[in-house]
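Each chain is listed here by its residues.
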Amino acid sequence: MPDVALLIDWENVYYTMRQHTEGPLPSTLSILQAILTKAAEHGPVRVKLAIFGQEVAAQDETLLMSLEFTGIEPIAVAQRMSGRLLKGRSDAVLITRAMKLLYKDRPDIDTWFIVSGDRDLNALCKALKDEDKHVYLVAGDQSLANELRESPYLRDDVFLLEDLIPQARWTRTGTGLRTDDTQAD
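Reference entry: report on the structure contained in this document. Each chain carries its own residue numbering, running from 1 in the written order of its sequence. At least 70 in pLDDT is required for a residue's local features to be given in this predicted model, at least 80 for side-chain atom pairs to be given and counted, and no such filter applies to totals for whole chains, interfaces and linings, which use all residues. Heavy atoms throughout the structure, all of them, feed into the side-chain values; hydrogens and water do not.

1. Some details on the overall build of the protein
From N to C terminus, the protein includes eight helices and 10 strands. Type-normalised accessible area, obtained with a 1.4 Å probe on protein chains alone, sets the label of each residue: buried when under 20%, exposed when over 50%, and partly exposed for intermediate values. Here the protein holds 185 residues, and the buried ones make up 53% of them. We call two residues contacting when some pair of their heavy atoms lies within 4.5 Å. Summarising the internal contacts of the protein: among those between residues at least 6 apart in sequence, 72% fall at separations of at least 24. For every accessible area listed, the method is Shrake-Rupley and the probe measures 1.4 Å; residues are considered covered only by the protein chains on display. Within the structure as shown, the protein displays about 8,700 Å² of accessible surface, and the carbon and sulfur contribution to it stands at 50%. Strands here mean DSSP runs of E at least two residues long; helices mean DSSP runs of H or I at least four residues long; both are numbered from the N terminus.

Pasting the structure below:
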């Protein structure tokens, strides 16, 4: 089986879970294990990265322990205020790390799992497909950008968080269209 790279925009997962579920959230560990299990179905996961802002890490006290337990490398990034929203650089860091892996460190990796629904990842998916890589997205249905939803040639498949984490009490179901990529409440 081909080697797999798993790159997680944890801010995207965290805010998707907070915005689109009710009641207590499943544990961070169970969420990460569900994502890792899906990626491992496609081959040995040789690269495991999770990118997140300090604000998310402060809100989720089990994040670092859960990342360590699953063997996922934590990458904390600075955040800044943009109007009323606290914005991180997770997308930029994820894209930069992916390009370095693709063209320098691990060009042998054939299968890529990108965990984010942000439209900024559209160009990354295209770059990976241009190099004949298999590209899978993992995102919440309501947080999957229209550009990614409507561009089937950019990825091989989409796995919804709603399907990977059925124990969460999701507030919305069905295919939705996202009009922006707001991440904060």
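Resuming the write-up.
2. Some thoughts on the packing of aromatic side chains
Working definition: a ring pair exists when centres of Phe, Tyr or Trp rings (six-membered ring for Trp) sit within 6.5 Å. Plane angles under 30 degrees give stacked, over 60 give edge-to-face, the rest tilted. Within the structure shown, the criterion is met by four aromatic pairs. Between the aromatic rings of Phe 113 and Tyr 136, the centroid separation amounts to 5.0 Å while the plane-to-plane angle is 25°, which identifies the pairing as stacked. Placement of the pair is Phe 113 in strand β7 (residues 111-115) and Tyr 136 in strand β8 (residues 134-139), with a sequence separation of 23 residues. Seen in terms of ring centroids, Phe 113 and Phe 159 are 5.9 Å apart; in terms of plane orientation they differ by 10°. Their pairing is stacked. With Phe 113 in strand β7 and Phe 159 in strand β9 (residues 157-160), this residue pair connects regions lying 46 residues apart in the sequence. Taking relative accessible area as the criterion, Phe 113 reaches 0% and is therefore assigned buried. Residue Phe 159 is classed as buried on the basis of its relative accessible area of 15%.

3. Some remarks on helix α1 (residues 10-20)
Within α1, nine of the 11 residues are buried, leaving the element largely enclosed by the surrounding structure. Within the span of α1, buried status applies to Trp 10, Glu 11, Asn 12, Val 13, Tyr 14, Tyr 15, Thr 16, Met 17 and His 20.

4. Concerning the environment of Val 13
Looking at the secondary structure, you find Val 13 in helix α1. Separated by 148 residues in sequence, Val 13 and Leu 161 have C-alpha atoms that sit 8.3 Å apart. The contacts of Val 13, once residues within four sequence positions are left out, are Ile 8, Ile 31, Ile 35, Val 115 and Leu 161.

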